[in-house]
Amino acid sequence: MKKVLFLDRDGVINVEKHYLYKKEDFEFIDGIFELCQFFQDLGYLIIVVTNQSGIARGYYSEEDFENLTQWMIEKFKENGIYISKVYHCPHHPDISGECRCRKPKAGMLLEAQKEFDIDLKHSVMVGDKERDIEAGINAGISETYLFNEKQNISDTKATKTVTKLQEIWENRC
């Protein structure tokens, strides 16, 4: 069974911007490449799990999302990092109804578990919102990190709260 570093996208990989779908607006967060390299060197797969309600809201299309995703994956490759897969939830409960994939539900993580034979208990989840942490916990992940760069979240179920991504790999050394 494989271990995985699960990452939320907006707010963890890139600076959160209002319904981001253009590469011109995409700005990587400091430390994301180093974080991924650290876990990749330990043998972890890297998988992105992201809610993308902008699709349901009609702000951008699946094609827009896929184009940005392919560009992002290429930027990771240029930095020596292989993203195994990007799972996304295009739904919003008020628009498209309930689904099983939207975080805090564990649907995307459980789908990844089946596809990649993942040991969820020994995997890691990094998110910037409590729903990311809850999705990890709901999937059975025991090591979760809340990336709280703005220090605006005080109550969390996360294993640890960090204000810089480098705190995660420093915490594990």
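Quick note: structure is the one above.
In this text, all values refer to a predicted model and were calculated from it rather than measured experimentally. Sequence positions are assigned chain by chain, starting from 1 and proceeding in written order. At least 70 in pLDDT is required for a residue's local features to be given in this predicted model, at least 80 for side-chain atom pairs to be given and counted, and no such filter applies to totals for whole chains, interfaces and linings, which use all residues. Side-chain figures throughout are based on the complete set of non-hydrogen atoms in the structure, without hydrogens or water.

Caption draft 1: Geometry of the overall build of the chain. Every helix listed is a DSSP run of H or I at least four residues long, and every strand listed is a run of E at least two residues long, numbered separately from the N terminus. Helix and strand counts for the chain stand at six helices and six strands. For 173 residues, the compact-globule estimate of 2.2 N^0.38 gives 16 Å, and the C-alpha radius of gyration of the chain, at 15 Å, lies within 12% of that figure. In terms of overall dimensions, the chain has a C-alpha envelope of 45 × 35 × 35 Å along the principal axes. The cut-offs for exposure are 20% and 50% of the maximum accessible area for each residue type, with area from a 1.4 Å probe on protein chains only; residues under the lower value are buried, those over the upper are exposed, and the others partly exposed. For the chain, the proportion of its 173 residues judged to be buried stands at 50%. Put simply, of all contacts in the chain between residues at least 6 apart along the chain, 64% involve residues at least 24 apart. To be clear on the numbers: accessible area is Shrake-Rupley with a 1.4 Å probe, and residue cover counts the displayed protein chains and nothing else. For the chain, the exposed area adds up to about 8700 Å²; of that, 45% sits on carbon and sulfur atoms. Just so you know, the count uses Lys and Arg for positive and Asp and Glu for negative, and it drops His and the chain ends. To locate a charge, take atom NZ for lysine, CZ for arginine, CG for aspartate or CD for glutamate. Counting 23 positive and 30 negative side-chain charges, the chain places the centres of these two groups 3 Å from one another. A radius of gyration in this sense is built from C-alpha atoms; the matching globule rule multiplies 2.2 Å by the number of residues raised to 0.38. Here, residues are in contact when the closest pair of their heavy atoms is within 4.5 Å.

Caption draft 2: Region of interest: the pairing of strand β1 (residues 4-7). With burial as the criterion, each face of β1 is covered, one bearing Val4 and Phe6 and the other bearing Leu5 and Leu7. The pairing of β1 with strand β2 (residues 45-51) spans four bridges and is classified as parallel. What sits directly across from Phe6, in β2, is Ile47. Looking down the strands as they point away from the viewer, one classifies a crossover as right-handed if the path from the first strand across the helix to the second runs clockwise. Of the crossover connections in this fold, the one passing from β1 over helix α1 (residues 32-41) to the parallel β2 is right-handed. A pair of strands is considered paired only if DSSP assigns at least 2 bridges between the two.

Caption draft 3: Local environment of the sheet that holds β1. Across the sheet, six strands lie side by side as β3-β2-β1-β4-β5-β6; this open sheet has parallel pairing. Across the chains shown, the open sheet's two edge strands, defined by having one partner strand only, are β3 (85-89) and β6 (160-162). Going across the sheet, the axis of each strand differs from the next one's by a mean of 20°, ignoring polarity. Against the sheet, helix α4 (residues 107-116) makes contact with β1, β2, β3 and β4 (124-127), and its axis sits at roughly 150° relative to β3, the strand it touches most. Throughout, an axis means a line fitted to C-alpha atoms (over the contacting stretch in the case of helices), and angles, computed between N-to-C directions, take values from 0 to 180 degrees.

Everything listed here is a matter of geometry and, on its own, says nothing about what the molecule does.
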